[in-house]
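Take a look at the letters that make up each chain.
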Amino acid sequence: MTRIRFDHRPFSRVTRALVAGLGLVLLSGCKLADIFDLSGNQSTMLTAGPVAKAQWDLFMITVYVCTFIFVVVGAILAYTQIKFRARSESDEHAEPPPEAHGNPFVEIGLIAASVALLVIIAIPTLRDIWYTHDVPEDEKGNAMEVVATGYQWWFKFEYPTELVKLPNGGEAPLVTGNELVVPAGTPIRVQLRTIDVIHSFWVPKLAGKVDMMPNRANFLWFKADKPGYYYGQCAEFCGESHAIMRFRVIALSPRDYSQWLENQKSPARTVTPALLANAADRSAHVQFAAMKLKAGEALAASPAFDADPLNAWREMQHPEAGEDAQLIAQGRQLFSAKTCVSCHSIRGHEGVGISGPDLTRVGARSTIAAGVLENTRERMHAWIKNPNHFKPGNKMWFGGYNVKDGDDWKPNFTVNDQEIDALVAYLHSLK
Amino acid sequence: MAEVIAQSGFTGKQTAQPATTFSLFPRPTAKTGIVSWLTTVDHKKIGMLYGGFAILFFLIGGIEALMIRTQLMVPNNRFISAQLYSELFTMHGTTMIFLAVMPLNAAFFNLLIPIQVGARDVAFPRLNSFSLWVWVVGAILLNVGWISHFVPSWNFGGAPDIGWFGYAPLTSKSFTPDLSTDFWVLGIQVLGISSIVASLNFIVTIINLRAPGLTMMRLPVFTWMALVTSFLLVLALPAIAIALIMVMFDRNFGTNFFEVSGGGQPILWQHLFWVFGHPEVYILILPPMGYVSEILPTFARKPLFGYPIVVFSGVAIGFIGFGVWSHHMFTTGLGTVATAAFALATMAIAVPTGVKVFNWIGTLWGGRIVTRVPMMFALGFIWMFMMGGLSGIMHSAAPADAQQQDSYFVIAHFHYVLIGGATFALLAAIHFWFPKFFGRMVPEFWGKVSFWVIFVGFNATFFPMHFLGLNGMPRRTWTYDSNMGWNEGNLFATYGAYLLGLGIFTYFAVLVWSYFKGEKCGNDPWDARTLEWSIPSPPPEHNFAAIPTVHARDAWWYEKTHKAEIAQEKAAHIKAEESHGGIHMPDQSWYPLFAAIGLLVGGYNFAQLHHPVTMFGQQVLASHLPLAITGLGLMVASCYLWALEGPGGYHLHIDAEGKVTESRGDHH
């Protein structure tokens, strides 16, 4: 009989100690604890509503059961590896152990134990499948319906029960983009639609995702326990800029919500010189050449914003100091001249387009470009200057700034820095 | 009864019929050199080619992964563009599944199945060669788009960028108008042809060519898992084939299977894709379970614990694997009842999987565990596969999965299954069978170094991803903002990926060194248990001088303990075989290669069907249709000539000293 050939043990104790030491140094160099931190803006652990909480609690049940299995089976495996390890050459050369082929009682016992453990997971799973599916019966009367529609790469939100007057005398549901504002404490049933490919609506702190499928009437529900500012993101690959198709959900107290609603329903704000109380504010006008980002700074929120996002969002609802009526008027004129109006609506002003986000109150939103950039004047300037830099493949760049010419793209219009300043002033006046 | 059989002509006693054969070329007979590889029908050479190409693509897929990790190393990174990122993650997934793990498994199917069943080749040797070359064609079609990045005039729109799952309607011409999706559709389709043909070949080989005494319940577990895998492939691939044809028709001929504006249903694609896609997961992992089930008994020096249970649980996984596909679709709005049914089925499949782990531990229990490198990878497999399996159970809780679906938690889960599981087992298998097929050992020290680097690098890469996912990071995202709490996890994972890459590089560098300089070894360097270790390393062309008779489950182990009995038996077999004209070997052939080239020409041109053909900037043809038909014609003609050529064959004769002589007679 051939023998297994033996080498001397390949690693000495010294080598092992060195490797272990090196590993520890590497680990301590990184902020190891941060890797396991679950307190991010899209944490599934820091839940803010009953749906997400049910999902996290169920997840923890699976964690307990699976950890139990891992510890028990792992302990047996580790014991086996240590206990039955051939420790010396003579051990390895020893007669092989007696041939044994298995034991039916052990097998059946283990199968039964596995099934029992799975039942522990199965029961709450079934309960929560029904609970998370739709608004519970006893809360249905209280629930509010909104329609969320995915576009490459932004979200449109409609309030089917909140009608606004149109210039032609008709009525249509209130429309916003990329920021869904809802009352806290009210179950929200979101109808999920898409205009193009599959997207997915995911606000981790409020509820797990459900896909926006073409030709399919999907929906989900959530409830925000208390007012707050929640991050969301598309969770199904939807093309080039999928990674930067983001949105926010802002939950307000019922009173704040109805105030917000009232303001939203009125036509776009028009700034006239008479409206500006203090003409001296003109001095506050600044030219914005380019956006500068400090190393490591987030695109979508400055540290000041992140410190208290809900309050920062509230601040944005009020007209800004330093408005320049003349510049705003120039911006409004450019908004038509540069054909922005053909894709964007500004209710009460010129815009009528529906293929881009509704901008009636864009100045009051905390982010632009679908949750990608904080809505500061500098960042809006940078966005308008080169949208393709922030959102590759977007339709404002391909279709607006540039149009198709055979298989190639040719420039349609350009905007210079002064024009962008005017556009920014106009858009930021829309509160 | 005997008379009926005699009349049916199935007794094998007929005299040879003079067959009409015709060939355009003389049949190739070269035993070495490039022609021998291009025309080979030897399952070992075909296995080597599969393995070589697969390792090449494994490294390419790895480089793609490292580029992805580099892009995600820091927030708001601009290392690569969003478009290139989409291409990289699409091709990383497609490559690792279809061009690395599947063909590596195919390599071992080819290398091991005929020997483990005591045969001299697969049932249809030329068809086997066809499978290989068709697979190469599929690999070329999938990767041809990369050329666009280097030669802009070849405007294929880059590599495919729709994800390995190609969800409709993103594959529609409205959203991906360029050719990359057409190449992806045809590439996967062609790979499917290769897999179906190969699987049928292996099924027939395993069922029909078993040596005397090798009953199904004596079959080595690896061969059993290969059989189950082959059935899964044959049954699962038609679903994706149909779905791909639908996409092809939508894109080229104006049908509306998935075209939303025409009332198409994108959800249909997902069902068809995952009816294939979930069994595919088991197609990837069952063969690795087979390797481990061979390696553990060898180094524990004990037979496999609970052989029948391990086999039946493999079969059960195969069956249940067809009933859980919608757990990939828990967030698509299936409704409560369907979600509940698929959640429970998914939990059920955990049972046979768990049973396998229990039996592997049972195999180790009471053994003498010799920790050579293959054993270390095999033990690493059990540990890592347990982690991947348990996070899989977490996904079966559908409401919790609504948070994890399409997040980095899922990435962590399936990389624990596919790297910690499948790849660890494949690395174990390569190290274990390398001496058999190259006659040289891989040095222990460097093997162990690579194991530890891979083990640490792998866990450093993927363990943090569980937390990234729970912290809300979605997958397939080109970049992320810096205020999401994902910075440290991503940075750490990227360092881990570099370490993993270093480990993989070390592993294969050591293999290359061993090929030239490794210490030579005999038949059975590991004191193993199955038939491949009974023949020389590397095995001769005919594998067995005498077809073995199998008396027990671990056939070679039995032979080693019953030498006298076996020697007598073998002498009798050699004599009997010589009286029938010697060992019959199949002839090489050009036609499988030519048929595959026809498919390449046809596929390459069909993908660009509606585009004009240009040469030196001049349009020479209005569409690629004539060229596509030419390719199809070449394939049909090659198949026809392949049939006309006849099976051919020659005989080997082994004399008392073991000297082999070749004869070409009138036997066909």
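Residues numbered from 1 in each chain as written. Chains lettered and ligands numbered in written order. Predicted model: local features only at pLDDT ≥ 70, side-chain atom pairs only at ≥ 80, totals over all residues. Heavy atoms only, no water.

Focus: the overall build of chain B
- For chain B, the helix and strand inventory stands at 20 helices and 5 strands.
- Rg of the C-alpha trace for chain B: 26 Å, near the compact-globule value of 26 Å for 668 residues, within the 12% margin.
- Taking the principal axes of the C-alpha coordinates as reference, chain B spans close to 75 × 70 × 55 Å.
- A burial count over chain B gives 64% of its 668 residues as buried.
- A fraction of 80% describes how many contacts in chain B between residues 6 or more apart in sequence connect residues 24 or more apart.
- Of the roughly 22,800 Å² of accessible surface on chain B, a fraction of 71% belongs to carbon and sulfur atoms. (Helix = DSSP H or I, 4+ residues; strand = E, 2+ residues; numbered from the N terminus. Rg over C-alpha atoms; globule rule 2.2 N^0.38 Å. Buried < 20%, exposed > 50% of the residue type's maximum accessible area, 1.4 Å probe, protein only. Contact = heavy atoms within 4.5 Å. Areas by Shrake-Rupley, 256 points an atom, 1.4 Å probe, with all protein chains shown as cover.)

Describing the overall build of chain A
- Broken down by element type, chain A carries 12 helices and 14 strands.
- In chain A, which comprises 431 residues, the proportion classed as buried is 53%.
- Partitioning the intrachain contacts of chain A with sequence separation of at least 6 by distance along the chain shows that 67% fall at a separation of at least 24.
- When the accessible surface of chain A is summed, it comes to about 19,600 Å², and 61% of that surface belongs to carbon and sulfur atoms.

Here we look at the nonpolar core
- By size, the foremost hydrophobic cluster in this structure holds 292 residues, and its most contacted members are A:F201, A:F222, A:I384, A:L427, B:W269 and B:F381.
- Sequence-distant contacts of A:I384, that is, excluding residues within four places in its chain, are made with A:Y401, A:V415, A:I420, A:L423, A:V424 and A:L427.
- Grouped together as the second largest cluster of nonpolar side chains are 21 residues, B:V355, B:M394, B:A397 and B:L470 included. (Core = buried A, V, L, I, M, F, W, Y, C linked by side-chain atoms within 4.5 Å.)

Here's the deal with the sheet that holds strand β5 (residues 188–194) of chain A
Residue and element names in this part refer to chain A.
- Pairing is mixed in the open sheet, where 5 strands are placed in the order β3-β2-β1-β5-β8. Looking at strand neighbours, the two that pair on one side only are β3 (171–177) and β8 (218–222), the edges of this open sheet. The average angle at which neighbouring strand axes cross in this sheet is 30°, direction not considered.
- As paired elements, strand β1 (residues 144–151) and β5 share 7 bridges and run parallel to each other. Each residue of the ladder has a partner; that of T149, found in β5, is R193.
- Most of the contacts of helix α6 (residues 254–265) go to strand β2 (residues 154–165), to which it runs at about 85°, and overall it touches β1, β2 and β3. (Pairing = 2+ DSSP bridges. Axes fitted to C-alpha atoms, helices over the stretch in contact; angles between N-to-C directions.)

Looking at unusual backbone geometry
- Here A:Q152 and A:W153 are connected by a cis peptide whose omega angle stands at 0°.
- By secondary structure assignment, the location of A:W153 is in the loop between β1 and β2.
- The backbone of B:R301 shows a phi angle near 60°, a positive value even though the residue is not glycine.
- We classify B:R301 as buried; its relative accessible area is 2%.

Observations regarding the pairing of β5(A)
Residues and elements named next belong to chain A.
- Most of β5 sits inside the fold, with 6 of its 7 residues counted as buried.
- Where β5 lies against β8, 5 bridges are found, and the strand directions are antiparallel. Across the sheet, the residue bridging to Q191 is F219, located in β8.

Here's the deal with the side chain of A:T132
- Examined against the element boundaries, A:T132 turns out to sit in helix α5 (residues 104–133).
- Residue A:T132 is classed as buried on the basis of its relative accessible area, which comes to 14%.

Thoughts on the environment of A:S342
All names here are of chain A.
- Relative to the elements of secondary structure, S342 occurs in the loop between α9 (325–337) and β11 (367–368).
- As a C-alpha pair, S342 and G400 span 58 residues in sequence and 9.2 Å in three-dimensional space.
- Ignoring any residue separated from it by four or fewer positions in sequence, one finds S342 in contact with G353, I354 and S355.
- Of note is the side chain of S342, whose polar atom sits 2.8 Å from the backbone oxygen of T339. (Polar contact = N/O pair within 3.5 Å; in protein donor to acceptor, adjacent residues only side chain to side chain.)

As for the interface of chain B and chain A
- Counting from both sides, the interface comprises 117 residues of chain B and, opposite them, 113 residues of chain A.
- When chain B packs against chain A, close to 9,800 Å² is buried across both sides, 66% of that on carbon and sulfur atoms.
- Of all residues in chain B, B:R368, B:W383 and B:Q403 bury the most surface against chain A, accounting for 7% of the area lost on that side.
- Taken together, chain B and chain A are joined by 1 salt bridge. (Buried area = accessible area lost by both parts, 1.4 Å probe. Salt bridge = Lys/Arg side-chain N within 4 Å of Asp/Glu carboxyl O.)

Focus on the sheet that holds strand β6 (residues 199–203) of chain A
Residue and element names in this part refer to chain A.
- Reading across from one edge, β4-β10-β9-β6-β7 is the order of the 5 strands in this open sheet, with mixed pairing throughout. Two strands in the sheet have a free side with no partner beyond their single neighbour: β4 (179–183) and β7 (207–212). Each neighbouring strand pair of the sheet contributes to a mean axis angle of 20°, computed without reference to strand direction.
- Bridge count for β4 against strand β10 (residues 246–252) is 5 bridges, and the pairing is parallel. Opposite V182, over in β10, you have A251 as the bridge partner.

Quick look at the confidence of the model for chain A
Residues and elements named next belong to chain A.
- Counting all residues, the mean pLDDT for chain A is 89, and 88% of those residues have values of 70 or more.
- Every residue in residues 1–8 is under pLDDT 50, and counting partners more than four places away or in other chains gives 23 contacts.
- Under a pLDDT of 50 for its full length, residues 279–284 has, in the predicted model, 5 contacts with residues more than four places off or in other chains. (pLDDT = per-residue confidence, 0-100.)

Here's the deal with the packing of aromatic side chains
- Counted under the stated rule, the structure contains 83 aromatic pairs over all chains.
- On the basis of an interplanar angle of 40° and a centroid distance of 6.3 Å, the ring pair of B:F25 and B:Y591 is categorised as tilted. Taken together, the residues span a long stretch of sequence, with B:F25 in the loop between α1 (2–8) and α2 (34–38) and B:Y591 in helix α19 (residues 591–607) at a distance of 566 residues.
- Residue B:Y591 is classed as buried on the basis of its relative accessible area of 1%.
- Where B:F377 meets B:Y507, the ring centres are 5.7 Å apart and the plane angle is 85°; that geometry is what we call edge-to-face. Of the two residues, B:F377 sits in helix α12 (residues 373–396) while B:Y507 sits in helix α16 (residues 487–517), which places them 130 residues apart along the sequence. Assigned by exposure class, B:F377 and B:Y507 land together as buried.
- The ring of A:F219 carries the charged tip of A:R189 above its face, separated from the ring centre by 4.0 Å.
- Over the face of the ring belonging to A:Y231 we find A:R248, whose NZ or CZ atom lies 4.0 Å from the ring centre. (Phe/Tyr/Trp six-rings, centres within 6.5 Å; stacked < 30°, edge-to-face > 60°. Lys NZ or Arg CZ within 6 Å of the ring centre and 35° of its normal.)

Some remarks on the domain arrangement of chain A
- Domain annotation for chain A reports domain 1 (27–86 + 103–133), domain 2 (139–265) and domain 3 (279–429).
- Taking only C-alpha atoms, the centre of domain 1 of chain A and the centre of domain 3 of chain A are 46 Å apart. (Domains from an automatic or database assignment.)

A word on the pattern of salt bridges
All names here are of chain A.
- Evaluation of the coordinates by the stated rule reveals 36 salt bridges over all chains.
- In this structure, E162 and K265 form a salt bridge, with 2.8 Å as the shortest nitrogen-oxygen distance. Remark: K265 occurs in helix α6 and E162 occurs in strand β2; sequence separation between them is 103 residues.
- Taking relative accessible area as the criterion, E162 reaches 17% and is therefore assigned buried.

A short note on the pairing of β2(A)
Residue and element names in this part refer to chain A.
- Bridge count between β1 and β2: 5 bridges; the pairing is antiparallel. Bridged to Y151 within β2 is W154.
- From the end of β1 to the start of β2, which pair antiparallel, there are 2 residues.
- Linking β2 to β3, which pair antiparallel, is a turn of 5 residues; within it G169 sits at a positive phi near 95°.

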